[in-house]
Amino acid sequence: MTGTTTGAVSGRRRRGRVLAGVLITAALVLGAGLYWAQPWKLWQDSAVNEALPTASTAPAPGSARPGAAPAPVPRTISQGSLISHEHSTTGTVKLIELPDGSHTLRLEDLDTSSGPDLRVWLTDAPVKEGADGWFVFDDGKHVSLGKLKGNKGDQNYEIPAGVNLADYSSVTIWCDRFNVSFGAAALQAA
C-alpha cells in the first residue's frame, strides 16, 4: 500500500506543478497582450486645444506705422473633413502656410478614440470609405508628423522643411501598433 500512496502523492505533485506552470504562463501571456494592445486607452480621452500659430515677425502692439501694410497672417492652402475608418473620427484638417513660409498641419474639432501609438501622417494614398480605407496609408509614400497629441480638440503639427506638399494628398490618424487608420481626410485646395 505504501507504493500506491507514494505514487498518488507524486502524481498530485506533478499535476500541481503543471497547473502552476500553465497558470504562470497564462498570466504572463495575458499581461504581455494587455501591455501591447493597451485596450484601456479606448476609454481615455485627452483633449488638446492649441491656438493657431501666428506670425512670429508681427510688430509689437502699438508699433505699427499708420498706412503700413497689415502683418501677414497664416493662410489655409488645402483642407478636408475626416471620415471614420477603424474608429469613429470627425473633424477638419487644414494645411496652413505661416507668414515665414513654413507649414503646419492643423486638426480642428478632432474627435476620435484614443489608442496605442497613434500618429498623424501626411500620405499620398487615396481616402476610401469603410474598411477598404483602413490599411492603404502605409502602402505608398507618407511622412509622420509625430504622435497624436490628444484624441479631442484643436492641435498643430509642424511639417518639416523640405517636405514637398505636392506629393501628399491626404492625412490619416494612423495606429502604428496595429497598422490601421482610425480616420482620414482627402486634402482639397482651399
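Reading guide: rules and limits
- Residues numbered from 1 in each chain as written.
- Predicted model: local features only at pLDDT ≥ 70, side-chain atom pairs only at ≥ 80, totals over all residues.
- Heavy atoms only, no water.
- Helix = DSSP H or I, 4+ residues; strand = E, 2+ residues; numbered from the N terminus.
- Buried < 20%, exposed > 50% of the residue type's maximum accessible area, 1.4 Å probe, protein only.
- Contact = heavy atoms within 4.5 Å.
- Salt bridge = Lys/Arg side-chain N within 4 Å of Asp/Glu carboxyl O.
- Core = buried A, V, L, I, M, F, W, Y, C linked by side-chain atoms within 4.5 Å.
- Pairing = 2+ DSSP bridges.
- Phe/Tyr/Trp six-rings, centres within 6.5 Å; stacked < 30°, edge-to-face > 60°.
- Polar contact = N/O pair within 3.5 Å; in protein donor to acceptor, adjacent residues only side chain to side chain.

Draft legend 1. A look at the overall build of the protein chain. Broken down by element type, the protein chain carries one helix and 11 strands. Along the protein chain, helices (α) and strands (β) appear in the sequence α-β-β-β-β-β-β-β-β-β-β-β when read from the amino end. Residues counted as buried form 35% of the 190 residues belonging to the protein chain. At a minimum sequence separation of 6, the contacts of the protein chain that also span at least 24 residues come to 66%.

Draft legend 2. Looking closely at the pattern of salt bridges. Applying the stated criterion to the full structure yields nine salt bridges. Of the charged contacts, one joins Arg119 and Asp117 as a salt bridge, the two residues approaching to 2.9 Å between their closest N and O atoms.

Draft legend 3. Fine view of the nonpolar core. If you look at the biggest cluster of nonpolar residues, it comprises 23 residues, and the most contacted ones within it are Val93, Leu105, Leu107, Val120, Leu122, Leu145 and Leu148. Secondary structure elements with two or more residues in this core: β4 (90-97), β5 (103-111), β6 (118-123), β7 (142-147), β8 (152-159), β9 (170-175) and β10 (180-186). Judged by nonpolar contacts, the second largest core, of six residues, contains Trp121, Ala125, Val136 and Ala184.

Draft legend 4. View of the sheet that holds β7. Reading across from one edge, β3-β10-β9-β6-β7 is the order of the five strands in this open sheet, with antiparallel pairing throughout. The open sheet has two edge strands with one neighbour each: β3 (83-84) and β7. Direction of pairing for β6 relative to β9: antiparallel, over a ladder of six bridges. What sits directly across from Leu122, in β9, is Val171.

Draft legend 5. Here's a closer look at the sheet that holds strand β11 (residues 188-189). Strands sit in the order β1-β8-β5-β4-β2-β11 across an open sheet of six strands; the sheet is mixed. Strands with a single pairing partner mark the edges of an open sheet, and in this sheet they are β1 (47-49) and β11. Bridging between β5 and β8 involves seven bridges; their strand directions are antiparallel. When the sheet's bridge partners are listed, Thr104 is paired in β8 with Glu158.

Draft legend 6. Representation of the packing of aromatic side chains. By the definition in use, this model includes three aromatic pairs. Ring centres 4.8 Å apart and planes at 20° place the aromatic pair Trp121 and Trp174 in the stacked group. Of this pair, Trp121 sits in strand β6 while Trp174 sits in strand β9, placing them 53 residues apart in sequence. A residue is classified by how much of its surface remains accessible, and Trp174, at 0% relative accessible area, is buried. Relative to Trp174, the ring of Phe137 has its centre 6.5 Å away and its plane inclined at 75°; by these criteria the two rings are edge-to-face. A residue pair is termed long-range when its members are at least 10 positions apart, and Phe137 in the loop between β6 and β7 and Trp174 in strand β9 qualify at 37 residues. Site record: aromatic cluster; members linked through ring pairs are Trp121, Phe137 and Trp174.

Draft legend 7. The environment of Leu145, seen in detail. Take Leu145: it is sitting in strand β7. Along the primary structure Leu145 and Glu158 are separated by 13 residues, whereas in three dimensions their C-alpha atoms are 6.8 Å apart. Those residues in contact with Leu145, other than ones at most four positions away along the chain, are Leu105, Val120, Leu122, Tyr157, Glu158, Ile159 and Pro160.

Draft legend 8. Geometry of the environment of His85. Mapped onto the elements of the fold, His85 is located in the loop between β3 and β4. In the structure, His85 is positioned 95 residues away from Val180 in sequence and 8.4 Å away in space, judged by C-alpha atoms. When near neighbours in sequence (up to four residues on either side) are disregarded, His85 contacts Lys128, Gly130, Gly133, Trp134, Phe137, Ser181, Phe182, Gly183 and Ala184. A distance of 2.8 Å separates a polar atom in the side chain of His85 from a polar atom in the side chain of Ser181.

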